[in-house]
Amino acid sequence: MYFDAMEMEMDMHRSRMLIDGQSVHSLSGQTAIIRNPANQDPVGVVSVGDSRDAGLALEAAQRALPAWKESSPEMRGRLLHSGAENVLRRADEIARMLTLEVGKPLKDSRREVEAAARVLDYYAEEGRRVFGQWIQSEKGRSLVVREPIGVAVAITPWNYPVDLTSWKVGPALAAGCTMVVKPPSKAPLAATAFSLAVHEGGLPPGVLNVVHGPGSVVGAELVENPISRKISLTGETETGRWIMEHAATRIKRLSLELGGSAPFIVCPDADIESAALSCARRAFANAGQLCISVNRIYVAEEVADRFIPLLVRGAKALVVGDGQKPDVDMGPLFSQDQLERTKEHIADAVLKGAEILCGGRPPEGEEYELGYFFLPTVLDHVDHSMRVMQEETFGPVAPIMRVASIDEAISFANDSRYGLAAYIYTQDLLFGLRAAERLEAGSVCVNTVSPVDLHTPFGGWKESGLGRELSSSGIDEYLEVKHIRLGL
Ligand code: NDP
């Protein structure tokens, strides 16, 4: 039995898998219900696959590979553009699914879907710029060419399931790889609808496949099966570590975009108003469930009493509620686990001496009772013994530590196993540049909180990951280098 009578009767999205150009159920016939984190309403029913479905998807991608890699970059580009058009045509529907399954405000979901279409358009053009080299030496002549790696796998998380899928599908397909996508189990609807729209832009069967199912089963098969040559994961550091260990058996190529704990430094000469506004935006966007969220704030002692009230004002101004309502700025957290972790980190900080300046609890009222809602929270007087400063909270918490000097702030900022993004606010650009050189992170922003740009490389240092996405670096991740020597 696939979608049973009860599931068919309910007004829900039905999400099947995409294998070899066909929309299919899982071999086991298992399904799962997807629920809205704002109220627990069932919003979708999804086919749940196992390792057999993953194997079929990989085999389909392998069959499609020879013709796809031989096709011209122009043709691949045309199909990606056509996929992007399809995504935009269905943007309202995909955005609505996204809000229903992860809780984020509808306007943010719409922006995410549009951004994903732009990624496809970008790589449709970038694929034409994969060039080689002609090298002359005493030993002969050489051609150096770049070729698609082969069958690639994309494993994605629930916080930006559409955008992050596009970061992998766009460059992989443009490079001439075929791909199997595994969306997050608890939020597969929008990512699957996005992938279907791309496929229906005219891709040959097997070029893009989607399998659903638990990471520990379906994800593991995609990683370990010898057919896959490249694994691109966005997810937790622990998942990245597991994948690295298991991909080692066959020395597979990896891109790992993992956890983060971004520091935000406020210098004595900063434009305090702008710093506080940006800090609130980056700490509470997507309810703090963002790998580049502001997680640790280091503010110079002499400006702390001006900065902190402005940050609190920014936090209190945010409207928390069901993402389907038009005036909402912050939806619920994604799950009970996220809610518990947020509460635990705040309780730990308070126990060790932190002070809650605002939030620190769920909002009150009937409309919040069934959802995973939590108020934007600002904590003062934190220190580095607290979990909020050591672990990734992935919730709407802005912990503040007052520092005696920016040297001290930079050494605290670097005292982390993560290194994804870092932010510094100062009006002295030269000082900002010198500080940026000392901060250990893949992206450092001076006087802005926007490290993600289609045209620039994005990725982490240390336990935040390996490899880069976006920009021309993003396509390099799906290419192998080949040296062809000519004995003239
Ligand atoms: P998880 O690591 O739990 O899951 C990510 C994906 O990996 C899911 O599809 C999951 O499947 C799958 N997975 C889990 N275990 C395995 C396994 N053993 N083998 C293969 N696949 C597996 O992350 P979350 O979904 O909880 O996402 C939040 C995390 O993502 C945060 O740590 C965040 O920082 C990080 N992130 C990083 C970004 C970056 O660019 N650096 C950007 C956005 C998020 P299933 O859903 O079935 O468990």
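Since we're looking at a predicted model, the values are computed, not measured. (Residues numbered from 1 in each chain as written. Predicted model: local features only at pLDDT ≥ 70, side-chain atom pairs only at ≥ 80, totals over all residues. Heavy atoms only, no water.)

Focus on helix H8 (residues 215-224)
One full turn of an α-helix is made of 3.6 residues, so residues set three or four places apart face in the same direction. Heads up, the condition is: Exposure classes here rest on a 1.4 Å probe applied to the protein chains alone. A residue is buried below 20% of its type maximum, exposed above 50%, and partly exposed in between. Numbering of helices and strands runs from the N terminus; a helix is a DSSP stretch of H or I covering at least four residues, while a strand is a stretch of E covering at least two. Note on definitions: a residue-residue contact is assigned when non-hydrogen atoms from the two residues lie within 4.5 Å.
Taken as a whole, H8 has its buried residues at Val218, Gly219, Ala220, Leu222 and Val223. Buried-residue contacts for H8 involve helix H2 (51-70), strand S8 (151-155), strand S9 (178-182), strand S11 (230-234) and helix H9 (237-247).

Considering the packing of aromatic side chains
Defined as follows: Here a pair means two rings of Phe, Tyr or Trp (six-membered ring of Trp) with centres within 6.5 Å. Their orientation is stacked below 30 degrees between planes, edge-to-face above 60, and tilted elsewhere.
If you walk through the whole model with that rule in mind, you get nine aromatic pairs. With a centroid separation of 5.5 Å and 80 degrees between ring planes, the pair formed by tryptophan 167 and phenylalanine 458 is classed as edge-to-face. Residue tryptophan 167 is located in helix H6 (residues 161-175), and its partner phenylalanine 458 is located in the loop between strand S20 (443-446) and strand S21 (461-462); the two are separated by 291 residues in the primary sequence. Residue classification places phenylalanine 458 among the buried positions, given a relative accessible area of 3%. On the basis of an interplanar angle of 75 degrees and a centroid distance of 5.1 Å, the ring pair of tyrosine 368 and phenylalanine 373 is categorised as edge-to-face.

Comments concerning a nonpolar patch on the surface
We count it as follows: A patch consists of residues whose relative accessible area exceeds 30% and which take part in no salt bridge; residues with like charges are grouped when within 9 Å of each other, and nonpolar side chains (Val, Leu, Ile, Met, Phe, Trp, Tyr) when within 5 Å. In this description, accessible areas are obtained by the Shrake-Rupley approach with a 1.4 Å probe, and a residue is regarded as covered only by the protein chains that are shown. Salt bridges are defined by distance alone: a side-chain nitrogen of Lys or Arg within 4 Å of a carboxyl oxygen of Asp or Glu.
There is a patch of nonpolar side chains on the surface, built from Trp134, Leu143, Ile484, Leu486 and Leu488 and spanning about 490 Å² of accessible area. Note on placement: leucine 488 falls in the segment after strand S23 (479-486).

Re the sheet that holds strand S1 (residues 13-15)
Within a sheet, neighbouring strands are paired by backbone hydrogen bonds and run either parallel or antiparallel to one another. Applied cut-off: Criterion used throughout: strands pair if DSSP finds at least two bridges between them. Where helices are involved, their axes are fitted lines through C-alpha atoms of the stretch in contact, as for all axes, and angles between N-to-C directions lie from 0 to 180°.
Reading across from one edge, S1-S5-S4 is the order of the three strands in this open sheet, with mixed pairing throughout. Two strands close off the open sheet at either side, each with one partner strand: S1 and strand S4 (31-35). Along the sheet, successive strands turn relative to each other by an average axial angle of 25 degrees, direction set aside. Where helix H4 (residues 91-102) meets the sheet, it contacts S1, S4 and strand S5 (42-47), and its direction lies at approximately 90 degrees from that of S4.

Notes on the site of the ligand
Test applied: One heavy atom suffices: a residue is near a molecule or strand as soon as one of its heavy atoms comes within 4 Å of it. Polar contact is defined as a pair of N or O atoms within 3.5 Å, subject to the rule that within protein one atom must be able to donate a hydrogen and the other to accept it, and that residues adjacent in sequence are counted only when both atoms are side-chain atoms. In this analysis a 1.4 Å probe is tested at points of a 1 Å grid over the protein atoms alone, and where it fits but cannot get out there is a cavity; an open set with protein on both sides within 12 Å along at least five of seven lines is a pocket; lining residues have an atom within 4 Å of a point. Molecule-in-pocket calls rest on the fraction of atoms, with more than half required to lie within 2 Å of the cavity or pocket grid points. Residues are grouped as follows: Ala, Val, Leu, Ile, Met, Phe, Trp, Tyr, Cys and Pro are nonpolar; Asp, Glu, Lys and Arg are charged; all remaining types, including Gly, are polar. Domain ranges listed in this record stem from an automatic or a database domain assignment.
Around the ligand, 31 residues are found, and the nearest of them are Ser185, Thr239, Leu258, Cys291 and Glu392. Threonine 156 places a polar main-chain atom, nitrogen or oxygen, 2.8 Å from an oxygen atom of the ligand. Contact distances for the ligand include 3.5 Å between an oxygen atom and a backbone N or O atom of glycine 235. For the ligand, whose unbound accessible area comes to 900 Å², protein coverage reaches 88%. At a threshold of 2 Å from the grid points, most atoms of the ligand map onto the second largest pocket. Counting only elements with at least two residues in the shell around the ligand, the list comes to H8, S11 and H9. Considered class by class, the residues forming the shell around the ligand number 16 nonpolar, eleven polar and four charged. Formed jointly, the shell around the ligand draws a minimum of three residues from each of two domains, domain 1 (2-258 + 464-484) and domain 2 (262-453).

A look at the packing of helix H5 (residues 106-126) against H6
Basically, it comes down to this: Oblique is the label for every angle not falling under 35 degrees (roughly parallel), over 145 degrees (roughly antiparallel), or within 65 to 115 degrees (roughly perpendicular).
Contact pair H5 / H6: the axes reach a minimum separation of 8 Å and the direction vectors enclose 10 degrees. Between H5 and H6, the interaxial angle falls into the category roughly parallel. On the side of H5, the interface is formed by Glu112, Val113, Ala115, Ala116, Val119, Leu120 and Tyr123, while H6 contributes Pro161, Val162, Asp163, Ser166, Trp167, Val169, Gly170, Pro171 and Ala174. Class assignment of the residues belonging to the contact of H5 with H6 gives a composition of twelve nonpolar, two polar and two charged.

Describing the pairing of strand S16 (residues 377-380)
In S16, alternate side chains face the same way, and those of Thr377 and Leu379 on one face and Val378 and Asp380 on the other are all buried. Looking at chain direction, strand S15 (residues 355-358) and S16 are connected through three bridges and run antiparallel. The residue bridging glutamate 355 from the neighbouring strand is aspartate 380, located in S16. In terms of strand pairing, S16 meets strand S17 (residues 397-403) through three bridges, oriented parallel. By the bridge assignment, valine 378 is partnered in S17 with alanine 398.

Some thoughts on the sheet that holds S23
Overall, antiparallel pairing links the three strands, which are arranged S6-S7-S23 in an open sheet. Two strands bound the open sheet, and with one partner strand each, they are strand S6 (133-137) and S23. Each strand of the sheet is rotated relative to its neighbour by a mean of 25 degrees, with strand direction disregarded. For strand S7 (residues 140-148) and S23, the ladder comprises eight bridges, and the chain directions are antiparallel. Across the sheet, the residue bridging to serine 142 is arginine 485, located in S23.

A short note on H2
Heads up, the rule is: Take the residue count of a helix, subtract one, and multiply by 1.5 Å to get its expected span. The term bend refers to the angle at a residue between two fitted axes, each drawn through seven residues, those ending there and those starting there.
Across its 20 residues, H2 extends 29 Å between first and last C-alpha, which sits within 8% of the 28 Å expected from 1.5 Å per residue. Alanine 64 marks the point of greatest bend in H2, at about 40 degrees, and the proline proline 66 comes within the next four residues. By the N-cap criterion, in which a side-chain oxygen at the helix start approaches the backbone nitrogen of a residue two or three places on, H2 is capped by aspartate 50, the distance to arginine 52 being 2.9 Å.

Observations regarding the pairing of S5
The side chains of a regular strand alternate, first on one face of the sheet and then on the other. S5 sits mainly inside the fold: five of its six residues count as buried. Where S1 and S5 come together, three bridges link them in parallel fashion. If you follow histidine 13 over to S5, its bridge partner there is glycine 44. Bridging between S4 and S5 involves five bridges; their strand directions are antiparallel. Counterpart to threonine 31 in the pairing with S5 is serine 47. The turn linking S4 back onto S5 is made up of six residues, and glutamine 40 within it adopts a positive phi angle of 70 degrees.

Re unusual backbone geometry
Backbone geometry places leucine 470, a non-glycine residue, at a positive phi of 65 degrees. Along the polypeptide, leucine 470 turns up in the loop between strand S22 (465-466) and helix H16 (471-476). For leucine 470, a relative accessible area of 2% corresponds to the buried category.

A closer look at the nonpolar core
Here is the rule: The definition of a nonpolar core used throughout is a set of buried Ala, Val, Leu, Ile, Met, Phe, Trp, Tyr and Cys residues joined through side-chain atoms within 4.5 Å.
Ranked by size, the top nonpolar core spans 128 residues in total, and within it Met179, Phe264, Ile265 and Phe307 carry the most contacts. Mapping this core onto the domain boundaries places at least three of its residues in each of domain 1 (2-258 + 464-484) and domain 2 (262-453). With residues up to four places along the chain from it excluded, the contact list for phenylalanine 264 reads Ala275, Cys279, Val294, Arg296, Ile297, Tyr298, Phe307, Tyr423, Tyr425 and Val449. Counting residues in hydrophobic clusters, the runner-up holds 24 residues, among them Ala60, Val151, Ile231 and Leu233.

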